[in-house]
Structure formats: C-alpha cells, structure tokens
Amino acid sequence: MEQNENLANSVEENATDLTPTVTRKRKRDPTQWKRNVSKTKRQAGQEYQSLKTKEIIPEKKEGQQMDIFYMPIVNTSYVSTPF
C-alpha cells in the first residue's frame, strides 16, 4: 500500500515539473535587419556592405555625382506617311 502511495506521489510531482512554462517569441525589429541597415546607410550616403557581392561600398562624398552615360537624343518628330 505504501508503494502505491509513493508511486502516486512521484507521478504527481513529475506532472507538476512538466507544466509548460510561459515563453514569449522574440519581437521583430526591422531596423536591425541587414537588408534594412544597408538600405538606410546607402540612402544616407554612408559606407555599407553590399548584400549580394559582400563588397564594401565606399561613402559618397558631398557633391559627388554618379556616372552619367551619354545617350544621344533621337528625333521623335518623324512621322510615317500613310500610303
């Protein structure tokens, strides 16, 4: 009889140990994501690491412009005449 009581007590103790604890998921913080960090640095003209090539892109200097490729202007006033 004592063995049954001891067994019942040990089962109850183990059941209380297995109760789920309250946990919380990690809250997302988009400001810390690599993609968004490099985006804000790029927009601010600061040095950042490229996500695709992992290259360090240098900081933009004040007054520095991007390379502009020359594209000739095509005459758009040409109108085909109907036959």
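Our subject in this report is the structure included herewith.

Procedures and definitions
- Residues numbered from 1 in each chain as written.
- Predicted model: local features only at pLDDT ≥ 70, side-chain atom pairs only at ≥ 80, totals over all residues.
- Heavy atoms only, no water.
- Helix = DSSP H or I, 4+ residues; strand = E, 2+ residues; numbered from the N terminus.
- Areas by Shrake-Rupley, 256 points an atom, 1.4 Å probe, with all protein chains shown as cover.
- Phe/Tyr/Trp six-rings, centres within 6.5 Å; stacked < 30°, edge-to-face > 60°.
- Lys NZ or Arg CZ within 6 Å of the ring centre and 35° of its normal.
- Buried < 20%, exposed > 50% of the residue type's maximum accessible area, 1.4 Å probe, protein only.
- Contact = heavy atoms within 4.5 Å.

**A closer look at the overall build of the protein**
So, point 1. Broken down by element type, the protein carries two helices and two strands.
So, point 2. Mapped in sequence order, the helices and strands of the protein form the string α-α-β-β.
So, point 3. When the accessible surface of the protein is totalled, it reaches about 9,400 Å², and 54% of it is carbon and sulfur.

**A few points about the packing of aromatic side chains**
So, point 1. The tally for this structure, following the rule as stated, stands at zero aromatic pairs.
So, point 2. Sitting over the ring of Tyr48, Arg42 keeps its end group 5.7 Å from the ring centre.

**Concerning the environment of Ser38**
So, point 1. Its place among the elements puts Ser38 in helix H2 (residues 34-44).
So, point 2. Ser38 gets classed as buried once you look at its relative accessible area, which sits at 6%.
So, point 3. When the C-alpha atoms of Ser38 and Leu51 are compared, they prove to be 7.9 Å apart, with 13 residues separating the residues in sequence.
So, point 4. If we ignore the near neighbours within four places in the chain, the residues touching Ser38 are Tyr48, Gln49 and Leu51.

By themselves, these figures tell us nothing about what the structure is for.
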